[in-house]
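Fold and contact review
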Amino acid sequence: MSLPTASALDLALICTGSAILPRVRETSPGMHAGTARHRYMQRVSEIGRDAALLEIADLDARAVCEAIDLAGLPLDPRNYVPEVALAWDVVTGRGRELGRGLDRDYRGRTENEIVGTADVVGFLPGAVFVADWKSEHDQDVPPVRDNLQLRFYALAAARSGRAERAVVEIIRPREGRAWRERAELDAFDLAETAVALRELVASIRAAAADVPRLVVGAHCRRCRCLRTCPAQMALVRELGYSTVAGVAAAPGQALVLTGDQAMTVENAGEVLGRVRAARKALDVIEESIDAIAWQEPLPMPGGKVYGPQRRTYTTYDPTLLWQLLADRYGADVALSAVEVKATKSRLSTAVKARAKLLDVPAAALEREIVAALDAAGGVRSTTKTELRVHRANGGSE
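Okay, so let's go over this structure.

What counts, and at which threshold
Residues numbered from 1 in each chain as written. Predicted model: local features only at pLDDT ≥ 70, side-chain atom pairs only at ≥ 80, totals over all residues. Heavy atoms only, no water. Helix = DSSP H or I, 4+ residues; strand = E, 2+ residues; numbered from the N terminus. Expected span 1.5 Å × (residues − 1). Buried < 20%, exposed > 50% of the residue type's maximum accessible area, 1.4 Å probe, protein only. Arc of directions from axis to C-beta. Polar contact = N/O pair within 3.5 Å; in protein donor to acceptor, adjacent residues only side chain to side chain. Pairing = 2+ DSSP bridges. Axes fitted to C-alpha atoms, helices over the stretch in contact; angles between N-to-C directions.

With respect to helix α9 (residues 318–329)
The end-to-end C-alpha distance of α9 is 16 Å, a good match for the 16 Å that twelve residues give at a rise of 1.5 Å each. Listing the buried residues of α9 in full gives Leu321, Leu324, Leu325 and Tyr329. The buried residues of α9 occupy an angular sector of 90 degrees when projected down its axis, which confines them to one face. The outward face of α9, more than 90 degrees from its buried face, is lined by the exposed residues Thr319 and Asp327. Capping the start of α9, Asp317 holds a side-chain oxygen 3.0 Å from the backbone nitrogen of Thr319, two or three residues further along. Backbone geometry just downstream of α9 places Gly330 in the positive-phi region, at approximately 105 degrees.

The following block contains the structure:
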């Protein structure tokens, strides 16, 4: 049995089954986008920004990469090396470099080695530097100091280069300046990492010979064992057979009340317990369905799908909008548009009433307000990817 690679270590800490169960390799548009960004950052270090951009065939992906502010990032080839494959032996404690640009080919590993590819490695006086590129949309990424993937890279690089300290960073390249999270690890931190990795490997090997510990949760969305996981399948069976949190009902029967039952003082407490148990179990089941949907959109009735969709939300600077409306139309109109935050819908409601009094089109008046607000720097747009029921061609519901 091969030990988990670096990117799977944090997941294995939560659920040992993720390191043991059969894996199904899947791709999604989000994964392709992340791969494109990683490849771009690597190529910037190797051939420069302009040449790296020309290598990106997908115009949308190129636009995303072009908007990234590269200033100050660890890309100078004189000081940093991209895509370094590292190994650390859990028995001997030795670290070594397997190669560079291997495209995750770890055929030279031994049975006692944990392996992984660090996005960036650099060598500082008496220390190693390790960085990992993450998408700004990556969720459930442990803080850099607690991130076992980063700590493994630090340990393997330090042991291969005989350093006693490490500097680790999670860097999220995005439009504008990248978000960065940094930590320094001393000799004691590296020793603690070695202990943690040995304990994890011991638990994985013990579980492989017995029954792995399976934990269902939001972390499942990135697990390659999702489709072969007994815990996931048990949830589906639980829903199909109407058995929720130990409250069983025969197929076809209601979990809470049957059609001829009435709510009474005598049974209301039991019903409440069933409702709460059902809600809790259904939340877990929905979380598992979400994990599948993040990997691959799920078909829905009417030709729609449930899966990731990027949407842009516009909000207004409440202080600027308040002042603008108050100066023009008085505090009562400003109050109707601005409370704690200013949104498009609240502005529309406030403007409609004023437009009626002025006998002007509400849409035109709203555009005028938004244009003035934008000129003052009070319009902000945020794009994020979320699970929604939407048309399969990418349109909204």
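Picking up where we left off.
Some remarks on the sheet that holds strand β4 (residues 113–124)
What the six strands build is an open sheet, ordered β3-β2-β4-β5-β6-β8; its pairing is mixed. Pairing within the sheet leaves two strands with one partner each, and these edge strands are β3 (95–100) and β8 (179–185). For this sheet the average axis-to-axis angle between neighbouring strands, irrespective of direction, equals 35 degrees. Where strand β5 (residues 127–133) and strand β6 (residues 165–172) come together, seven bridges link them in parallel fashion. Bridged to Trp133 within β6 is Ile171.

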